[in-house]
Amino acid sequence: MQNDFGSGKIWKIIFAQSVPLMFAQLVHLLYNIIDRIYIGHLAEIGPLALTGIGLAFPLTTLIAAFTNLFATGGAPLFAIARGQGDEERAQRILSQVFGNLLFSSVILFLVSYFFRRPVLYAFGASDVSYVYADQYLRIYLWGTLAAMLSTGLNGFINASGYPKIGMMTVFLGALMNLVLDPIFIFLFHMNVAGAALATVISQIASAIWAVSFFTNQNAVYRIDMTRILPDFSLLSEIIPLGLAGFVVQGTNATVQIVCNRVLRQYGGDLYVGVMTVINSVREILSLPVQSLSNGTQPVLSYNYGAKKYSRIKEGIRVSTLVSFLYTAAAWAAVLIFPRQLMSIFTSSPEMIEAGTGALNMYFFGFIFMTFQFSGQSAFTALKCSKRAVFFSIFRKVIIVVPLTLLLPKMGYGVNGVWLAEPVSNLVGGLAAFITMYLTVYRKLPADGETAYI
């Protein structure tokens, strides 16, 4: 019954999918968050070391983008095939995604590792901050394959109807990271390099767990090694749908690069470090609504395949309402506790002071992120790939990047970087949601009919 998304109360199914996923992603977030907390509180070098890790963000985000290209493109198709009862097609999709994650991870590792120096300087590194960024990346990149397999395959575990096992995929690696971080950073005095090594070992453990789920003899869906070579008929379906997830992460990397360069120009390495903390806080606060969105997607996809459109509409309503209530509470928390949030990641009085006002500006109107997540989730789940890709590009590339470049020149300085985000949330979020409502929600037919969206 846990594999059947087509019967029972839709809100219970969504929460059954989302809650374990939320805990799993929360623990997964600890991979990097704990690194930053430990490093940010290192005596003397903490602020600069935090800046160095922030400079590595765009490259690690780019790796996540390629994971999404295949995983978030394949998982909805996998769920739709399950809803249609086409088990053979579901297994082919799984095998194809596994193969492409494998091949692309090797290419990404080689390019990133051997060109990391010019890339880091292009991302806004100074001669001082480059030292810490390089110490982190030259070890972290060795975990590229493990990171892509553990994250990419976990979406298929959840789409198979086993969110608790998906949660354990992440728990295993994250708990190892929690244990190994202080050992490598403080006991062995490896500092930034120790944080990277702990992360790589933990990612390998998660990857082994995820791969074993789809290769053991009792697996419902198994990776077929004879089908991992590129199948362009399947890739022509997977990649267009996965472009939305790819663009989300790719544009995040672009925004991070632009922000780091502008902040270094107008505020120096200190403000690049502040941006690292803001990104960390955003990841924490966005996690529940993102988990709800990700947990809703396979449920919507399954019911789309089963032509149960009334359940899709109900699922969209439930996820949007819960997301709105949560983001309102998160926004209130930032307004009340900005200094305390900064203090989690750094003990530098100068960084805390600079970051307190920055947090309030950056998270202003955080509730509008609800509409971005709801719109994107529905577009991706129901194979509306062009609209999903467009609104990913629209919010980040068309709104955030130009504002990040223009507002500091108009006299706002570093504050212009923080203000670009709430404007994009308002304009981009509402545009995505209204379009989804008019072109998807209202056009879903009666159950059992053929949908044209």
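Please read all numbers here as calculations on a predicted model, not as lab measurements. (Residues numbered from 1 in each chain as written. Predicted model: local features only at pLDDT ≥ 70, side-chain atom pairs only at ≥ 80, totals over all residues. Heavy atoms only, no water.)

1. Observations concerning helix H5 (residues 127-140)
And step 1. With 14 residues, H5 ought to run about 20 Å at 1.5 Å a step, and its terminal C-alpha atoms sit 20 Å apart, in line with that.
And step 2. Of all the bends found along H5, the most pronounced is centred on Ala133 and spans about 25 degrees.
And step 3. Where H5 is concerned, the buried positions are Ser129, Tyr130, Tyr132, Ala133, Asp134, Tyr136, Leu137 and Tyr140. (Helix = DSSP H or I, 4+ residues; strand = E, 2+ residues; numbered from the N terminus. Expected span 1.5 Å × (residues − 1). Bend = angle between axes of the 7 residues up to and from the residue. Buried < 20%, exposed > 50% of the residue type's maximum accessible area, 1.4 Å probe, protein only.)

2. A closer look at the nonpolar core
And step 1. Ranked by size, the top nonpolar core spans 96 residues in total, and within it Phe214 and Trp418 carry the most contacts.
And step 2. Among residues more than four places away in sequence, those in contact with Phe214 are Leu94, Leu153, Phe156, Ile157, Ser160, Ala219, Tyr221, Arg222 and Ile223.
And step 3. Listed in part, the 26 residues of the second largest apolar core include Val247, Leu300, Phe379 and Ala451. (Core = buried A, V, L, I, M, F, W, Y, C linked by side-chain atoms within 4.5 Å. Contact = heavy atoms within 4.5 Å.)

3. Points about unusual backbone geometry
And step 1. The backbone phi angle of His189 is positive, close to 55 degrees, even though this residue is not glycine.
And step 2. Counting through the fold element by element, His189 comes out in the loop between helix H7 (163-187) and helix H8 (191-213).
And step 3. For His189, a relative accessible area of 65% puts it in the exposed group.
And step 4. You will see that Lys307, though not glycine, has its phi angle at about 60 degrees, which is positive.
And step 5. Among the structural elements, Lys307 can be located in the loop between helix H10 (269-305) and helix H11 (309-336).
And step 6. Among the residues examined, Lys307 registers a relative accessible area of 33% and is labelled partly exposed.

4. What about helix H13 (residues 349-362)?
And step 1. End to end, H13 covers 20 Å across 14 residues, agreeing with the expected 20 Å (1.5 Å per residue, within 8%).
And step 2. Along H13, the sharpest kink reaches roughly 25 degrees, centred on Gly355.
And step 3. Within the sequence span of H13, burial applies to Met351, Ile352, Ala354, Gly355, Thr356, Ala358, Leu359 and Tyr362.
And step 4. Residues of H13 that are buried sit in contact with helix H2 (46-84), H10, H11, helix H12 (338-345) and helix H16 (415-439).

5. With respect to empty space enclosed by the protein
And step 1. One pass over the structure, following the stated rule, counts four cavities of 30 Å³ or more.
And step 2. Considered as a void within the structure, the second largest cavity measures approximately 90 Å³ in volume.
And step 3. Along the wall of the second largest cavity there are 13 residues; nearest its centre are Val255, Cys259, Met275, Tyr362 and Glu421.
And step 4. Of all the secondary structure elements, the ones that give two or more residues to the lining of the second largest cavity are helix H9 (232-266), H10, helix H15 (385-412) and H16. (1 Å grid on protein atoms, 1.4 Å probe; cavity = no way out; pocket = protein on both sides within 12 Å on 5 of 7 lines; lining within 4 Å. Points joined across faces, edges and corners; volume = space filled by probe spheres on them.)

6. Quick word on the confidence of the model for the chain
And step 1. Taken residue by residue, the chain gives an average pLDDT of 90. The fraction at 70 or more is 98%.
And step 2. Taken element by element, the predicted model of the chain shows its lowest mean pLDDT in helix H1 (residues 10-40) (80) and its highest in helix H3 (residues 87-114) (96). (pLDDT = per-residue confidence, 0-100.)

7. Concerning a nonpolar patch on the surface
And step 1. A cluster of nonpolar side chains, contributed by Val423, Leu426, Val427, Leu430, Ile434, Tyr437 and Leu438, occupies part of the molecular surface with about 540 Å² of accessible area.
And step 2. Of note, Leu438 is situated in helix H16. (Patch = residues over 30% accessible without salt bridge, like charges linked within 9 Å, V, L, I, M, F, W, Y side chains within 5 Å. Areas by Shrake-Rupley, 256 points an atom, 1.4 Å probe, with all protein chains shown as cover. Salt bridge = Lys/Arg side-chain N within 4 Å of Asp/Glu carboxyl O.)

8. So, the packing of H10 against H11
And step 1. Viewed as axis vectors pointing N to C, H10 and H11 meet at an angle of 180 degrees, and their least axial separation amounts to 10 Å. Put simply, H10 runs roughly antiparallel to H11. Residues Ile284, Leu285, Pro288, Val289, Leu292, Thr296, Leu300, Asn303 and Tyr304 of H10 pack against Tyr309, Arg311, Ile312, Gly315, Ile316, Ser319, Val322, Ser323, Tyr326, Ala330 and Val334 of H11.
And step 2. The class makeup of the residues in the contact of H10 with H11 is 14 nonpolar, five polar and one charged. (Axes fitted to C-alpha atoms, helices over the stretch in contact; angles between N-to-C directions. Parallel < 35°, antiparallel > 145°, perpendicular 65-115°, else oblique. Nonpolar A, V, L, I, M, F, W, Y, C, P; charged D, E, K, R; others polar.)

9. Section: the pattern of salt bridges
And step 1. According to the stated counting rule, one finds nine salt bridges in the structure shown.
And step 2. A salt bridge links Glu283 to Arg36; the nearest nitrogen and oxygen atoms lie 3.6 Å apart. Here Glu283, found in helix H10, pairs with Arg36, found in helix H1; they are 247 residues apart in sequence, far enough to count as distant.
And step 3. Classification of Arg36 by relative accessible area gives buried; the value is 2%.
And step 4. For the salt bridge of Arg138 with Asp134, the shortest nitrogen-to-oxygen distance reads 3.3 Å. In this pair, Arg138 and Asp134 both sit in helix H5, four residues apart, roughly one turn of the helix.
And step 5. Asp134 gets classed as buried once you look at its relative accessible area, which sits at 8%.
And step 6. Each of Glu88, Arg92, Asp224 and Arg227 takes part in salt bridges that share partners, so that together they form one network.

10. Overview of the packing of aromatic side chains
Aromatic rings considered in pairs are described by the distance between their centres and by the relative angle of their planes.
And step 1. Summed over all chains, the structure comprises 27 aromatic pairs.
And step 2. With a centroid separation of 5.5 Å and 65 degrees between ring planes, the pair formed by Phe5 and Tyr302 is classed as edge-to-face. With Phe5 in the segment before H1 and Tyr302 in helix H10, this pair connects stretches of sequence that are 297 residues apart.
And step 3. Residue Phe5 is classed as buried on the basis of its relative accessible area, which comes to 1%. (Phe/Tyr/Trp six-rings, centres within 6.5 Å; stacked < 30°, edge-to-face > 60°.)

11. Side note on the environment of Phe232
And step 1. As for its placement among the helices and strands, Phe232 is situated in helix H9.
And step 2. Taking the relative accessible area as the measure of exposure, Phe232 reaches 64% and is therefore exposed.
And step 3. Separated by 36 residues in sequence, Phe232 and Gly268 have C-alpha atoms that sit 47 Å apart.

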